[in-house]
Amino acid sequence: MQLLEWHSYLYHLKINLYNYTSFVVLNTGAKWSKCSHGKGNSMHEECVSLQQSLSVVGVLECVVRRCVGPEGGSVLLTRDTGEIIITRHGQRILNTLHLEHPMARMVLDCVSAHSQVTADGTKSFILLLAALLRGIQNSADKHGIGQSTAPYIRNLAHRLLAFSYKEFDDIITHKILPNAYFYCSRHGYKSSSILDLLVGGYIAGRLGIGQVDILKRVLCEFYHKVSQGQDAVKTITFLHSHISQLHTTVTGLSIGCSEVIEGLVVTRDWSVWTDPNGSAKALIIHESLGFCLIAASNNISLCVQHDWLSRIDQALEQKLASVLQLQVRVLLSSVKQPESVLQWARLNHIALLECVDSAQLDLLCRISGTETVPHPSLQHLLMLKFCSRVQLGGHRYACLGTFSQCVPQIHTLVLCGPAPGLLDQIVCVSRGVFTLLEHLCQSIISTQKQLNEYTNSETDNIRETQENCESSVLVSSQSQRSDLDLPQSFLSSQGFWDRIMRAGGVIPIGGTFEFLLHHFLLNARNHGDSESCRLLAEALLCVPRTLFSRRRFLDAQTHLLSELKEMTNVQDLSKRSELKFRFNEGSTLPVCLESVSSKQQLVVSVLQCLNRLLCIGAILHTRTPLLSHPSTSSEDEEGETENLHLSDY
Amino acid sequence: MSRICKKKPAVCTDEPLSNSTICQKIALLIDILSTSYGPTGRLKQIHNNVGGHVLTTSTSTVLLKRLELSEPILKLISTSIQHHTTRYSDCGLFMGIFTLRLVESTQKLGLRNVAALSKVYMHLLEECNLYLKGDSCICKVRVDFTSCDSLVALATSMLTSKPACMLNSREKQHIGSLITQAFLYSIPCNSTGVTCFGRTVTIAIESQSVSDAAVFPGLLVDVPEMLQPADLKRLGSGPFKVVLFSTSLAGDISEVGDLALEVYGGVDPDFEVLQQLLRLGRHVVKNKASLFACQKVIHPVLQQYFREHGVIVIERLGLGLMEPFEQITGAQAVASLCSPVPPEAYGLIKGFSFQSCGSRELLQLLPCKDFPFSTMVLCHRNETMLEELKMTCQRAEHVLRLTLREPYALLGGGCTETLLATHITHMTQSMVAKTATSLGVSHSEFLMAAEVFCSSLRAVTLSLEHDGQDCLIDLTYAHRWVPDMDLHNSVKRACGCGLVEDRSNLEKTPLNTAYHTFCPVSLENTDNQPKILDSFSAKLSALNVAVEIANLVLDVKYIIRDVN
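Worth saying up front: this structure is predicted, and the values here are computed from it rather than measured.

Quick look at the overall build of chain A now. Within chain A, the secondary structure is distributed over 23 helices and 14 strands. A buried classification covers 56% of the 649 residues belonging to chain A. Here the analysis covers contacts within chain A between residues at least 6 apart in sequence; of these, 78% occur between residues at least 24 apart. Taken as a whole, chain A presents about 28000 Å² of accessible surface, with 52% of it coming from carbon and sulfur.

In structure tokens, the structure reads:
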């Protein structure tokens, strides 16, 4: 028994070691700095681990707490390069701290992994983690006075993780999602305004006062102009993956000057500019047309013949003549071209743009169908809708419009800010918005699939319990409705937002999700073990608690719960069509929305991180680089006793 | 091999604005900026502790570029001001003083809920924008393009507010009209479709009297060596053919770079290149070009060849002059030595003439078409003043250009700020209850924020005064006045901007004392024109950016400093 546990403990330790190489600090004489569990070790020392993680996360919480929500403040960061940035971006703040403590760094890694997926909830992550740890400590204290709490804690962590894999999903799909939909329709949310509210909700906690409305307007305009009422999923995926090429920044202006421009703005001016007046054929080249020795190696010997000058010229002329044969009017080059090419372009009235970012060129190629020129390599032909010069904040830039066969219409987001350090935050948020939308998209698509499968199997079975029955009715009616929609591959913008709302993908901001989940966790007796439910439920409330002052928090909670009661009553009694009618009457000021899926992801990520934290029994300080020979080190470890010296190998 | 160091943990500062050292630094920066403000602003000398160049200035751009600020918050504000001035060329000090005052006074209130105040500031800013852009605004005047009075006033006001230019009033008038002239030259006329502004090239000449400054149409370049007026006469009358080269014609093999060339016997590359150059020269002479210009160096043999054939040679034009040169002549820069110059690449100019400005002889190239291009020659007594003057002129021209987009100007001399402050106070008084509820802030918070906002605006006006004098505001028009020191002065006195004339029954009160709120009245039946004008676009943007920055700074809860 003892041995078994020791092994499993080592196993966990190993996982942590191998996943987080950065975490083992190269430090003085390597040894088990804190050993848990086993002979001679008192209970006191075991508890240190939990206490330690709590104190580490507590510190992070302290930093983050004041920046949460629309009322929170921001942080001024100075980089080692001297750059100054004002931000509320949770991950950026935590990263700049350059934390030394291995546990803190592990938490940070979890946070970044989470925020890469959803671009949301880094600050709530820390808050929730801290609250969970506190809850666990409390229950551990209650549970075992005078006995070892470590196994108990580890057990709890496992149970919580298991809960997040199984029952948690059920609660979300059968309780939260339907209620989110009911809540939304009750408050008269229109599916057309979902995007606005979702973006608004995301931005509100991330920008200063007065900037939110402006950026929301610009971002929504950007989305609508790109999508043109077409396929929403495609547009969102496109924007998400190409946002860095599709925005440009201007300093020295107030954020109110931000705008959306048609076409792709390249932050270079035309080296040779002639207006093609309308659509034009363009050639994309990736190498210099001129005579170039640099490409060869450093040591070359040249044999200079007497007509070498004219020979070089002739070679160039041949190349240029072949370009001319293609009848292009615009030349886009990713590298600098020699003067003589510029002259040639001027003489032949060809617009030439040098040093274009190759990512942008790739984007152009992908959007408008290109043909590859057979003879010289690496050249592409494409048609441009228009070419122009735009003046953005004292710089002249080139602007390229494309004919796009597929959905997205290329537009560029021009973001203005007074100084680079202030722009950074705006850019970050704009990028995050599309990550969030992408995540929402993906989750809606996947849940839709799941639901369809689920209902198909469910309708065959006899309905077992009352609760299940209720939920499946709900679900099946939902899926029937969605089946009436256009096929999965194509969804108009309107249809997409409609579907999101009906699937309960969005929920009003300001703790609604947490309150609901809290309520359902406490009342869902048949779902798994009650202790982890209770722990999670209690911890969840910390987020709205930070958002609101104490009185407003209680108000909000009671208000929501009473509404929930009302809703469930109505749900049981009457049909939906009647409901809708009644709900629309009592519409009030629309509260911004947030995505349920990213909230769900947040809880799951936190539970995973928690599990990792609690399974650590000790921190190893070694001098050896970690990822070297995992197999040998594991063998070594297994045979060793507690006072193992890792510095030996 | 580089050593990998462990990164040091970052240093945190909590609640930076309530930190006393940071507050002191803010106060110091306010002091520096506000003492430099206005026509009587004190000059600042900047030099480092090991000697070297001493810089005298009072403009925000130059000043802030040189100031090494230690505090990140101040650095942020300073960069914002600099970015603003590169866009709008004016109102940098205004923005700086306003931002810092707003931050300082808000901090002094010591409220915990700063976000509420920020909300009110944004609201008040919206009010200001609405008012300034609206038709009922009485602190803006329409720029009248039928006469150049308001343009000259704008340019002169800019010169007036830069005391480091060291100009007397006559010189100010002179330079002001030159700037306007250059601006008018740069506007293309009778053109259709998409038009582009012309350009003004500035040439600065030291140790000459300011009155020698002048504006010439066309492009002025230094007279090439060994060019005599007689050579020009020999050319006869234009138009003349022009060739422009953008590659070096020095005869070296520059494209190879830093590689070692191993040359086999029998071929002398240098000689080959020279022969090619001469072939080129013969070709150009055969095509009857009269002016041969090159961005870089021309081989002396080639130069000699050209001179013998009566072709004027201009070498080392520099990259900066290439584009203007191409524009006025219509020539296309040629880059290749080997192929003959294509006929399309030749340009034309109408004529040459010698211009002497003080000690310097310059060759003027007159464009054939009516091209919007001029050269401004500026003179001043010494280098520092000349530098400042040159910069001011360029920025003033930019400010004049901004009027084309928004054809308005604001009253200068502090009158706009007093008017705006009075208007805002009046507005807020009448609708406290409604606005406060809609913003979700309490009454007292709203009133406090409005007071801070207006007093910060007034503080900008107050910093115009540096001699310990009072600043007055009249209670009818809400313009700014300076107290009458000389009672026996017979000259009629006017307000800061020169729009309102003093009369005996005009009630005035010191600006920094409390006075009752009133709605400023617009002046009617007057022939007076405001003498001091400020750029409308620049000030509006400065106001917006200032409030935005102040809000962001007030929002800062932590400073995390990376100390690596």
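And the narrative resumes.
When its secondary structure is counted, chain B shows 16 helices and 19 strands. The dimensions of chain B, computed from C-alpha atoms along their principal axes, are 95 × 75 × 50 Å. Residues counted as buried form 54% of the 564 residues belonging to chain B. Contacts in chain B between residues at least 24 apart in sequence constitute 75% of all its contacts with a sequence separation of at least 6. For chain B, the exposed area adds up to about 25400 Å²; of that, 52% sits on carbon and sulfur atoms. Considering chain B, the positive charge centre built from 51 side chains and the negative charge centre built from 55 side chains are found 2 Å apart.

Residue and element names in this part refer to chain B. Reading across from one edge, β4-β14-β18 is the order of the three strands in this open sheet, with antiparallel pairing throughout. Looking at the sheet topology across the chains shown, the edges are occupied by β4 (140-142) and β18 (533-535). Neighbour-to-neighbour, the strand axes of this sheet turn through a mean angle of 45°, independent of strand direction. Here three bridges tie strand β14 (residues 408-411) to β18, and the two strands are oriented antiparallel to one another. Residue Leu410 lies in a different strand from β18, and its bridge partner there is Asp534. With respect to the sheet, helix α6 (residues 149-160) is in contact with β14 and β18, its orientation differing from that of β18 by roughly 80°.

Not every positive phi belongs to a glycine, and Ala119 of chain A is a case in point at roughly 55°. Here Ala119 of chain A shows up in the loop between α4 (102-118) and α5 (122-143). Judged by relative accessible area, which is 16%, Ala119 of chain A ranks as buried. Even without being glycine, Lys288 of chain B reaches a positive phi, approximately 60°. Its place among the elements puts Lys288 of chain B in the loop between α9 (269-286) and β9 (291-294). With relative accessibility at 66%, the residue Lys288 of chain B sits in the exposed group.

Okay, the pattern of salt bridges next. Residue and element names in this part refer to chain B. All told, the structure shown has 30 salt bridges over all chains when counted by the stated rule. For Arg480, the salt bridge identified is with Glu465, shortest N-O distance 3.1 Å. Of this pair, Arg480 sits in strand β16 (residues 480-481) while Glu465 sits in the loop between α15 (443-462) and β15 (472-474), and the two are 15 residues apart along the sequence. On the basis of relative accessible area, Glu465 is assigned to the buried category, the value being 16%. For Lys539, the salt bridge is made with Asp534, and the minimal N-O distance between the two is 2.8 Å.

Evaluated as defined, the whole model comprises 15 aromatic pairs over all chains. Ring centres of Phe163 of chain A and Phe168 of chain A lie 6.2 Å apart, and the angle between their planes is 55°; this geometry places the pair in the tilted category. Phe168 of chain A shares its class with Phe163 of chain A; the two are buried. We note Lys508 of chain B situated over the ring of Trp481 of chain B; from NZ or CZ to the ring centre the distance is 4.6 Å.

Quick look at the nonpolar core now. Core analysis: the largest hydrophobic core is formed by 107 residues, its most contacted members being Phe98, Tyr121, Leu132, Phe453 and Leu543 of chain B. Among the nonpolar cores identified, the runner-up in size contains 81 residues, and Leu50, Val63, Leu128 and Leu602 of chain A belong to it.

Quick look at the sheet that holds strand β17 (residues 508-510) of chain B now. Residues and elements named next belong to chain B. Across the sheet, which stays open at both edges, the three strands sit in the order β16-β15-β17 with antiparallel pairing between neighbours. Across the chains shown, the open sheet's two edge strands, defined by having one partner strand only, are β16 and β17. When β15 meets β16, the two strands line up antiparallel, connected through two bridges. Considered in β16, the bridge of Leu472 is made with Trp481.

Take the pairing of β9 of chain B next. All names here are of chain B. Residues Leu291 and Ala293 of β9 are buried on one face, and the alternating residues Phe292 and Cys294, pointing to the opposite face, are buried as well. Two strands pair when backbone bridges link them, and strand β8 (residues 240-245) and β9 are joined in this way by four bridges, in the parallel orientation. Within the sheet, the bridge partner assigned to Val243 lies in β9 and is Phe292. Bridge count for β9 against strand β10 (residues 312-314) is three bridges, and the pairing is parallel. Paired with Ala293 across the two strands is Ile314, which belongs to β10.

It is worth spelling out the side chain of Ser537 of chain B at this point. Residue and element names in this part refer to chain B. Within the secondary structure layout, Ser537 lies in helix α16 (residues 536-554). Given the relative accessible area of 6%, Ser537 is considered buried. A polar contact of 2.7 Å, which involves the side chain of Ser537, links it to the side chain of Glu406. Look past the residues within four positions of Ser537 in its chain and what remains in contact with it is Tyr88, Leu402 and Glu406.

Here we take up the environment of Leu167 of chain B. Residues and elements named next belong to chain B. Tracing the backbone through its elements, the reader meets Leu167 in the loop between α6 and α7 (169-185). Sequence separation between Leu167 and Leu389 is 222 residues; the distance between their C-alpha atoms is 9.1 Å. Among residues more than four places away in sequence, those in contact with Leu167 are Leu159, Lys172, Ile175, Val210, His380 and Leu389.

This part takes up the pairing of strand β19 (residues 556-561) of chain B. Consecutive side chains along a regular strand alternate between the two faces of the sheet. A large share of β19 of chain B lies buried, amounting to five of its six residues. As defined by bridge partners, strand β1 (residues 74-78) of chain A adjoins β19 of chain B across five bridges and the pair is classed as parallel. Bridging from a neighbouring strand, Val75 of chain A pairs with Tyr558 of chain B of β19 of chain B. By the bridge criterion, four bridges tie strand β1 (residues 11-14) of chain B to β19 of chain B in an arrangement that is antiparallel. If you follow Val11 of chain B over to β19 of chain B, its bridge partner there is Arg561 of chain B.

Our next topic: α4 of chain A. Residues and elements named next belong to chain A. Under the 1.5 Å per step criterion, the end-to-end length of α4 is 25 Å for 17 residues, consistent within 8% with the ideal 24 Å. Burial of α4 is extensive: twelve of the 17 residues sit out of reach of the surface. For α4, the set of buried residues is Pro102, Met103, Ala104, Met106, Val107, Leu108, Cys110, Val111, Ser112, His114, Ser115 and Thr118. Backbone geometry just after α4 places Ala119 at a positive phi near 55°.

Another point: the packing of α5 of chain A against helix α18 (residues 530-540) of chain A. Residues and elements named next belong to chain A. The interhelical angle for the contact between α5 and α18, taken along N-to-C directions, is 135°, at an axis separation of 8 Å. By the angle class used here, α5 and α18 are oblique. Where α5 crosses over α18, the two elements pack in a sense that is right-handed. Contact residues: α5 offers Leu128, Ala131, Leu132, Gly135, Ile136 and Ser139, while α18 offers Glu531, Arg534, Leu535, Leu536, Ala539 and Leu540.

With that settled, consider the environment of Ser74 of chain A. Mapped onto the fold, Ser74 of chain A is located in strand β1. Counting along the chain gives 130 residues from Ser74 of chain A to Ala204 of chain A, while the straight-line C-alpha distance between them is 12 Å. Contact partners of Ser74 of chain A, with chain neighbours within four places excluded, come to Ile86, Thr87 and Arg88 of chain A together with Leu552, Asp555, Val556, Lys557 and Tyr558 of chain B.

A separate point is the environment of Gln529 of chain B. By the element assignment, Gln529 of chain B lies in the loop between β17 and β18. For the pair formed by Gln529 of chain B and Thr200 of chain B, sequence separation is 329 residues and the distance between their alpha carbons is 29 Å.

Thresholds applied
Residues numbered from 1 in each chain as written. Chains lettered and ligands numbered in written order. Predicted model: local features only at pLDDT ≥ 70, side-chain atom pairs only at ≥ 80, totals over all residues. Heavy atoms only, no water. Helix = DSSP H or I, 4+ residues; strand = E, 2+ residues; numbered from the N terminus. Buried < 20%, exposed > 50% of the residue type's maximum accessible area, 1.4 Å probe, protein only. Contact = heavy atoms within 4.5 Å. Areas by Shrake-Rupley, 256 points an atom, 1.4 Å probe, with all protein chains shown as cover. Lys, Arg positive; Asp, Glu negative; His and termini not counted. Charge placed at Lys NZ, Arg CZ, Asp CG, Glu CD. Pairing = 2+ DSSP bridges. Axes fitted to C-alpha atoms, helices over the stretch in contact; angles between N-to-C directions. Salt bridge = Lys/Arg side-chain N within 4 Å of Asp/Glu carboxyl O. Phe/Tyr/Trp six-rings, centres within 6.5 Å; stacked < 30°, edge-to-face > 60°. Lys NZ or Arg CZ within 6 Å of the ring centre and 35° of its normal. Core = buried A, V, L, I, M, F, W, Y, C linked by side-chain atoms within 4.5 Å. Polar contact = N/O pair within 3.5 Å; in protein donor to acceptor, adjacent residues only side chain to side chain. Expected span 1.5 Å × (residues − 1). Parallel < 35°, antiparallel > 145°, perpendicular 65-115°, else oblique. Left-handed = near helix turned anticlockwise from the far one by under 90°.

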